[in-house]
Amino acid sequence: MDKEISNFDVGDRVLSFVSHRSLFKISEDEILAKIPKEVSSESASTSYLYHLGYQGVLACDLKAGSNLLVIGLGCLGLTTIKMSTIAGCNVFGVSDYELASDNGSKMGARQIFQRDELLESLESANNNIFDCVIVATNHWNDVSLALQACNQRGKIGFLGFPGRNKELPTFNPVSYTHLTLPTILLV
C-alpha cells in the first residue's frame with residue numbers, strides 16, 4: 001500500500017462512486033461511507049442507484065414544478081422518481097407492470113401510465129406535455145415514446161443504454177415531428 005489507511009479494515013464494505021466493478025483501487029478520501037454491518041449489501045447497493053437518479057435531476061436541470069416523465073420503473077426508474085419528487089417535480093411514470101406501477105406510486109409519482117395509455121393521453125392532449133423525459137430502459141420503442149411525450153425545447157435524459165442487448169430497430173427511433181427538437185442528454 002502506498003500509505004497507511006486509518007479508518008478502514010480489511011473486509012469493511014464501503015460506498016463510493018466507482019461503479020460496476022468488484023475490485024478497484026481508490027484513495028481513502030474517495031470513500032463516501034463505511035457501510036454498517038447491520039445494512040444488507042442489497043440495500044446498500046441502491047445508494048448508487050439513488051445517486052444516478054439524482055444525477056438525472058441535475059443533468060436535466062429539473063426545477064420544482066417541472067413536469068417529468070420517467071419511462072421504465074425498475075430500480076433505476078424508481079430511484080429517479082424518488083429523487084425527482086424530492087426536488088419538487090411533478091413526476092409521472094410509465095410501466096406496463098402492476099408491481100412496478102404500485103412501487104412508482106409509493107415513490108411519489110402522481111400517475112403511472114401504461115405505454116398505450118400514455119400514447120392515447122398524448123393524442124387527446126394534442127401536444128407534448130412533459131418538460132423532461134428520463135428513459136431508464138433499453139428499449140428502442142421507449143426512445144420514440146420519449147420524443148412523443150417531451151415538449152418543444154424540453155429535455156430527454158437517458159439513464160442506461162438504449163438498444164443494449166436488443167436487435168437493431170426496424171424503424172427510426174428518433175423520427176420526430178416537432179419543429180424544435182428537445183435536448184437529448186446521456187446522464
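Here, every reference points to the structure presented above.
What you see is a predicted model, and the numbers here were worked out from it, not measured in a lab.

Trainee: Pulling in residues and values, what's your account of the pairing of strand 6 (residues 130-135)?
Mentor: Among the six residues that make up strand 6, five are buried, leaving the element largely enclosed by the rest of the structure. Here strand 3 (residues 67-71) pairs with strand 6 via four bridges, running parallel. Its bridge partner being in strand 6, Leu69 is matched across the sheet by Val133. Pairing between strand 6 and strand 7 (residues 150-158): five bridges, direction parallel. Directly across from Cys132, in strand 7, lies its bridge partner Lys155.

Trainee: Go over unusual backbone geometry, please, and point to the residues and values.
Mentor: Of note, the phi angle at Asp61 is positive, near 55°, even though the residue is not glycine. Within the secondary structure, Asp61 sits in the loop between helix 1 (41-59) and strand 3. In this structure Asp61 comes out as partly exposed when scored by relative accessible area, which is 41%. The backbone of Asn165 shows a phi angle near 60°, a positive value even though the residue is not glycine. In this structure, Asn165 sits in the loop between strand 7 and strand 8 (183-186). Taking relative accessible area as the criterion, Asn165 reaches 74% and is therefore assigned exposed.

Trainee: Outline the nonpolar core, listing residues and values.
Mentor: Leu62, Leu68, Leu73, Ile81 and Ile134 are the most contacted members of the largest nonpolar core, which has 20 residues in total. Of the residues forming this core, the biggest block, four residues, is contributed by helix 2 (residues 75-86). Not counting chain neighbours up to four residues away, the residues in contact with Ile134 comprise Gly56, Cys60, Leu62, Leu68, Leu69, Val70, Ile71, Thr80, Gly157 and Leu159. Ranked by size, the runner-up nonpolar core spans 18 residues in total, among them Leu69, Phe92, Leu118 and Cys150.

Trainee: Provide a residue-level description of a negative patch on the surface, including the pertinent values.
Mentor: On the surface, Asp116, Glu117, Glu120 and Glu123 cluster together into a patch of negative charge. Here Glu117 shows up in helix 4 (residues 115-125). Taking relative accessible area as the criterion, Glu117 reaches 37% and is therefore assigned partly exposed.

Trainee: For the side chain of Ser101, give the residues involved together with the corresponding values.
Mentor: Positionally, Ser101 belongs in helix 3 (residues 98-106). Accessibility expressed as a relative area gives 14% for Ser101, which makes it buried. Residues within four places of Ser101 in sequence aside, it is in contact with Leu73, Ser95 and Ile112.

Trainee: Now, about the packing of aromatic side chains: what can you tell me, with residues and values included?
Mentor: Counted under the stated rule, the structure contains two aromatic pairs. Residues Phe92 and Phe130 carry aromatic rings whose centres are separated by 5.5 Å and whose planes lie at 65° to one another, so their mutual orientation is edge-to-face. Of this pair, Phe92 sits in strand 4 (residues 90-94) while Phe130 sits in strand 6, and the two are 38 residues apart along the sequence. Take Phe92: its relative accessible area is 16%, and that puts it in the buried class. Under the relative-accessibility criterion, Phe130 is labelled buried at 2%.

Analysis parameters
Residues numbered from 1 in each chain as written. Predicted model: local features only at pLDDT ≥ 70, side-chain atom pairs only at ≥ 80, totals over all residues. Heavy atoms only, no water. Buried < 20%, exposed > 50% of the residue type's maximum accessible area, 1.4 Å probe, protein only. Helix = DSSP H or I, 4+ residues; strand = E, 2+ residues; numbered from the N terminus. Pairing = 2+ DSSP bridges. Core = buried A, V, L, I, M, F, W, Y, C linked by side-chain atoms within 4.5 Å. Contact = heavy atoms within 4.5 Å. Patch = residues over 30% accessible without salt bridge, like charges linked within 9 Å, V, L, I, M, F, W, Y side chains within 5 Å. Areas by Shrake-Rupley, 256 points an atom, 1.4 Å probe, with all protein chains shown as cover. Salt bridge = Lys/Arg side-chain N within 4 Å of Asp/Glu carboxyl O. Lys, Arg positive; Asp, Glu negative; His and termini not counted. Charge placed at Lys NZ, Arg CZ, Asp CG, Glu CD. Phe/Tyr/Trp six-rings, centres within 6.5 Å; stacked < 30°, edge-to-face > 60°.

Function cannot be inferred from these measures alone, as they are strictly geometric.
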